[in-house]
Amino acid sequence: MPDPTPRPRSTSDPTPERTRFTLTELMERFPDNTFESLVEELQNEKFKVLYDLANTTGARIYLTGGIIRDALTGAEPKDFDFVITMPNAEDARLAREQFESHFGTKTTTKDAKGNEVDSINGEYGSLQLRGSNFGVYKFYPTGFEGEEAIDIAFPRTEQAVAGSTGGSRDFDTQADATIPIEDDLSRRDFTINALTLDVTGISGGNAPELIDLFGGLDDLENKVLDSIGDPEKRLNESIDRILRAVRFKNKMGFEMTPRLEEAVYKLGWGDGEYQPALMRRKHDGSLTIPKEKIAVEFLKGFYVNPSGVIEDLNRFGLLRHIFPDLVKKRTFKKGEVTKRYSRNEKVRSAAMSDDFTDENEAIRSQSLSHITAQLRLHKEAFGDEADIDEMIFILFHELGKCQELAIRREGKPDVYDPESYKLGKMQLEGLMSESALYSMESGHKLRVHPEVIADMFNRYPEAISLLSVDHQDKLGEALNNDPRLVSQIHRTFPGLSRDPLWRVLQSDMLTTKHADVARTQLARLGEQISQVEKLIEGAPMMRKELFDGGALVAIFHLPPGRVVGEIEQMVTENAYYKAIAAEGYQTDQEVKRELFAYIVNLPEVREIWGREYVNPETINLFRQEEDADDEVIRRDILHALENATAASYLGESLLQAAEFSTNVQTLHERQAARVGFVSRFSQALSQRPQEVLSWLEQEFNEDGKKNKRKLGALLFPEVAMLRGCEQDSTYHSEGDVWVHTRKLFESADELGIPLTNDLAVAILYHDIGKPQSQSIDADRIRFIGHEDAGVLLFTDIAERMGMREVEELDIDEVVRAIKHHGDFYKAYQNVDISLFQVRNLLPNGEDDLLYQLVRCDDKASVPLQQRDSNDMFNRIEEHINVIGVEGGRPEIFDSLLESDVVSEMFGAGKLSDKANVLYQVYTDLLRSGEISFDMPSEDALERLQRGFLMSERKWTSNYVRRVLAPGARFIEKGIMGKRIGEIQNQIIEAIMGGEIVTVEDFDSILSEL
């Protein structure tokens, strides 16, 4: 152990001439103080409970802790810690009872871990006891919810237990409100931490006084850190105080007194009397100072003054025990090296080499010197902008340097193989766990993130390579023309000018022997980073939002692994940066189209798709009789997958993308590709439905392999959702929507209905809207509006898959069938379906796609109570037979409906139920021969009008009232009373007898009366 430098030592504490000071004196002595803010805050209503306690019991209220020290040095007040003494109480028990009763009534509850917690609640708020021996309370005042709790404690005495090794809990501690405050202050560690403010009378207008028993004010003024009492004894009482001494020294910018420094030095290194402080162990073998406690103390000091803390820890012999890797290279076993990383023989030998060499010790010493210099510059340059992760990285980033990885250059300083960062990362993994550096709670600013630091290790070699003179000409416009360099810069510094690694690189290079050269290199790289930053800022979407490894796996259907990383890098360098830098670039959708075209045309992607999703069974499934070349089928399947990917990634079909992107193959090629697969699928579904359905069903299921995607689920995601979509058993006891859909194909065969391409597609998609329209009521499962939802979904699917370009499919008819297949079900509820409805819904009669779908749907729906749908279909067939008299010329009735005569009869607007009657009359007249297709339209209209008015008296009455308007004419003629009704009835009877009475006829009748 190195010999400590001799220092003068004081064996006793100085006795201060005065122990109480007024605020006025303190404010004059420490002009940068914040006592004014502190006193103002102490008058806050939340502290009223304490002042009321003093007024009613004679208690004394003291503000203690670091808040006093901070107020003297100019920090804003926070963390209010109070010590309460009750000198008027007879003993400790009565003092505690009196104190607690002042706050309210005690209750006992359990916290989240099941521990019992005493809580005292009253008008002031809630008081919770934390540690009965310590007499510590947390107070949550009423009206200040969400704020930090106020710490309240009783004075306490501490006596080291027999055999103590200096653990922070190796004390016999007793809290007693009757103990004088002086006794409580005398147990503390350092003089500057033993200052207290007597605030008892502040509510009555009395100014608080500061109590200083040990010269803490002098030490604070002189920037000196000293212990209370003999430093060796005080530090040995709780050995973690040596870490606190280092922390306070560097946080406050103080110097230790010679006696305190010598005690820390002696305890840190150890001697014949003491074992090194951080190696002490309790009787049970555990460390006297737990690793977690060491880590917390280290981080608190390191964050404020990193270089000073490292230098002091090293000087006092503490660093070798906290982070031994910083002073001695870790040696790995063969299995550890093989298990972790390297196939590089140089790294393997370096990791496994014996470290006990003078050269490696020298390298460690030189590295530590550089690290402390870098930490000093880094903190000075970046201040609070530098987070704890980047400073920890600086501390450990040279761990991998060793003689085995040194590159010797004659006449020049040694450099180290970039693989040294891999070795350093290996050491870091063990070091993080062994030192418990992650001990701070999540969200704390001092929380260390090993994964972030490991990522910086991965990126650092490339960051250094960017300083190479090879990049010196990559400036100005040239940078835009070099997407690989843009990619390298952005990959290395994702945060660009705000990236922590960029800050680290600067402080690292500027503390080397070649800082002058480094300044030029850093300036050039900084300019390049700024150019990339401007380039990226001009893009509406960042690279991660456009694509990353996750998107390549999830959207482009690539299996996770090394290949995805390689593809991501290729896309970044060859497509992304080129696209956002392109002249005329405007929108993120344009960039996405370019990226999409690049990705799906990569041979690596096509090869993976072909291997993962196209197998011989699938090829055979979609083989047509005329097919001879499997590659044609494979191409069609891959283009279908490409089309589905376009919908997922771009939100548009491949056809739409091809119209706008120069990189996507020609529109004609894409159109042909879309037609190829849809044609194959529809024909296979109609010719071999059970094979296709079984294939789909297998594709929807997982095969047990993690993250394995299936072709059917990718191409038909909406169909996959039918599986597991439950239906109400009252109407569909056959099973879920998918089972029901499968049964429709069986029903077509049982009913002898030819399974055309249109019908096969209509059956597959007829209930596609059910999953998104499902609602579960108390009494049943409903699918309200599923037909309309299905039309919207199917229309999108048809557009995405290019169904309209397939000659074998009539998509408009399929859409009509999906939309109206539920219109017939009212007939199940004994609501007769009219002739006119059948005529509109089934223009092609029994050959109509909708009728075929409804027949199959009816047969596949198996209710718990058997329903008889024969009457409904018999009635529909009767209507179809009646409609047949139109002889394939429905346009004649349609033209009659649009005629002026019909408009005059019924008025403007919808004909509604009158059209049903009119059509019934029309078909009756056709069957009786009174109307023929070669008859002049005027004659046909007259006969249709007569037949309609004769069909029912109410139509004739309406006609008389609305068209002939007899009311006004009767008044003109002076016809009144009963006579009016008689004349109207005569006219009605005449019309129902087959006469047509026009307005002119009616005027003539009235003139004769």
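As the structure is a computational prediction, the values presented were derived from the model and not from experiment.

Caption draft 1: The arrangement of the packing of aromatic side chains in detail. For the coordinates displayed, the defined rule picks out 28 aromatic pairs. Three or more aromatic residues joined by ring pairs make a cluster, and in this case those are Phe99, Phe103, Tyr137, Phe139 and Phe154. If you follow Arg247 out to its NZ or CZ, it ends over the ring of Phe248, 5.0 Å from the centre. Its guanidinium or amino end placed over the ring of Tyr649, Lys592 lies 4.8 Å from that ring's centre, counting from NZ or CZ.

Caption draft 2: Main features of the nonpolar core. Phe82, Ile84, Phe298, Ile392 and Tyr765 are the most contacted members of the largest nonpolar core, which totals 264 residues. The dominant element in this core, judged by the number of residues it contributes, is helix α30 (residues 630-650), at nine residues. Among residues more than four places away in sequence, those in contact with Tyr765 are Phe716, Val719, Phe794, Ile797, Met801, Met803 and Ile818. Within the second largest apolar cluster, nine residues are counted, among which are Val83, Leu185, Ala194 and Ile228.

Caption draft 3: Local environment of the pairing of strand β7 (residues 136-141). Side chains Tyr137, Phe139 and Pro141 of β7 all project onto a buried face; the interleaved residues Val136, Lys138 and Tyr140 project onto a face where none is buried. Two strands pair when backbone bridges link them, and strand β6 (residues 125-129) and β7 are joined in this way by five bridges, in the antiparallel orientation. Within the sheet, the bridge partner assigned to Gly125 lies in β7 and is Pro141.

Caption draft 4: Quick look at the packing of helix α27 (residues 588-600) against α30. Two elements in contact, α27 and α30, have axes whose closest approach is 11 Å; the angle formed by their N-to-C orientations is 150 degrees. Taken together, the axes of α27 and α30 are roughly antiparallel relative to one another. Judged by the sense of rotation from one axis to the other, the crossing of α27 with α30 is right-handed. Across the interface between the two elements, Gln589, Lys592, Arg593, Leu595, Phe596 and Val600 of α27 pack against Glu642, Thr645, Ala646, Tyr649 and Leu650 of α30.

Caption draft 5: Summary view of the sheet that holds strand β8 (residues 150-153). Taking strand neighbours across the sheet as the criterion, the 10 strands line up as β1-β12-β11-β2-β3-β8-β7-β6-β5-β4 in an open arrangement whose pairing is mixed. Among the strands making up the open sheet, the edge pair consists of β1 (20-22) and β4 (105-110). Here the strands of the sheet are splayed against their neighbours by 30 degrees on average, with no regard to which way each runs. Bridge count between β1 and strand β12 (residues 209-211): three bridges; the pairing is antiparallel.

Caption draft 6: Expanded view of the side chain of Glu718. The topology assignment puts Glu718 in helix α35 (residues 717-720). What makes Glu718 buried here is its relative accessible area of 13%. One polar contact links Glu718 to Arg800, side chain to side chain, over a distance of 2.9 Å. Excluding residues that lie within four positions of it along the chain, Glu718 makes contacts with Ile768, Leu793, Ile797 and Arg800.

Caption draft 7: Region of interest: the side chain of Thr288. If you trace the backbone, Thr288 turns up in the loop between α10 (258-269) and α11 (291-304). From its side chain, Thr288 meets the backbone nitrogen of Arg281 in a polar contact 3.5 Å long.

Caption draft 8: Looking closely at the environment of Cys725. Within the secondary structure, Cys725 sits in the loop between α35 and α36 (737-751). Note on Cys725: relative accessible area 5%, which makes it buried. With 46 residues separating them along the chain, Cys725 and Pro771 place their C-alpha atoms 6.0 Å apart.

Caption draft 9: Focus on the confidence of the model for the chain. Per-chain confidence: the chain averages 82 in pLDDT, with 86% of residues scoring 70 or above. Note that pLDDT drops below 50 for residues 1-12; the model gives that stretch 18 contacts with residues more than four away or on any other chain. Note on residues 703-707: pLDDT is under 50 here. Beyond four places in sequence and across chains, it has three contacts.

Caption draft 10: Focus on the pattern of salt bridges. Using the criterion set out here, one finds 59 salt bridges in the structure. Asp52 serves as the salt-bridge partner of Lys48, at 2.6 Å between the closest nitrogen and oxygen. Separated by four residues within a single helix, Lys48 and Asp52 lie in helix α3 (residues 48-57), roughly one turn from each other. For Glu697, the salt bridge is made with Arg723, and the minimal N-O distance between the two is 3.4 Å.

Caption draft 11: Layout of helix α33 (residues 689-700). An ideal rise of 1.5 Å per residue puts 16 Å on 12 residues; α33 measures up with 16 Å between its terminal C-alpha atoms. What α33 keeps buried is the set Pro689, Val692, Leu693, Trp695, Leu696, Glu699 and Phe700. Seen end-on, α33 carries its buried residues on one side only, within an arc spanning 160 degrees.

Rules used in this analysis
Residues numbered from 1 in each chain as written. Predicted model: local features only at pLDDT ≥ 70, side-chain atom pairs only at ≥ 80, totals over all residues. Heavy atoms only, no water. Phe/Tyr/Trp six-rings, centres within 6.5 Å; stacked < 30°, edge-to-face > 60°. Lys NZ or Arg CZ within 6 Å of the ring centre and 35° of its normal. Core = buried A, V, L, I, M, F, W, Y, C linked by side-chain atoms within 4.5 Å. Buried < 20%, exposed > 50% of the residue type's maximum accessible area, 1.4 Å probe, protein only. Helix = DSSP H or I, 4+ residues; strand = E, 2+ residues; numbered from the N terminus. Contact = heavy atoms within 4.5 Å. Pairing = 2+ DSSP bridges. Axes fitted to C-alpha atoms, helices over the stretch in contact; angles between N-to-C directions. Parallel < 35°, antiparallel > 145°, perpendicular 65-115°, else oblique. Left-handed = near helix turned anticlockwise from the far one by under 90°. Polar contact = N/O pair within 3.5 Å; in protein donor to acceptor, adjacent residues only side chain to side chain. pLDDT = per-residue confidence, 0-100. Salt bridge = Lys/Arg side-chain N within 4 Å of Asp/Glu carboxyl O. Expected span 1.5 Å × (residues − 1). Arc of directions from axis to C-beta.

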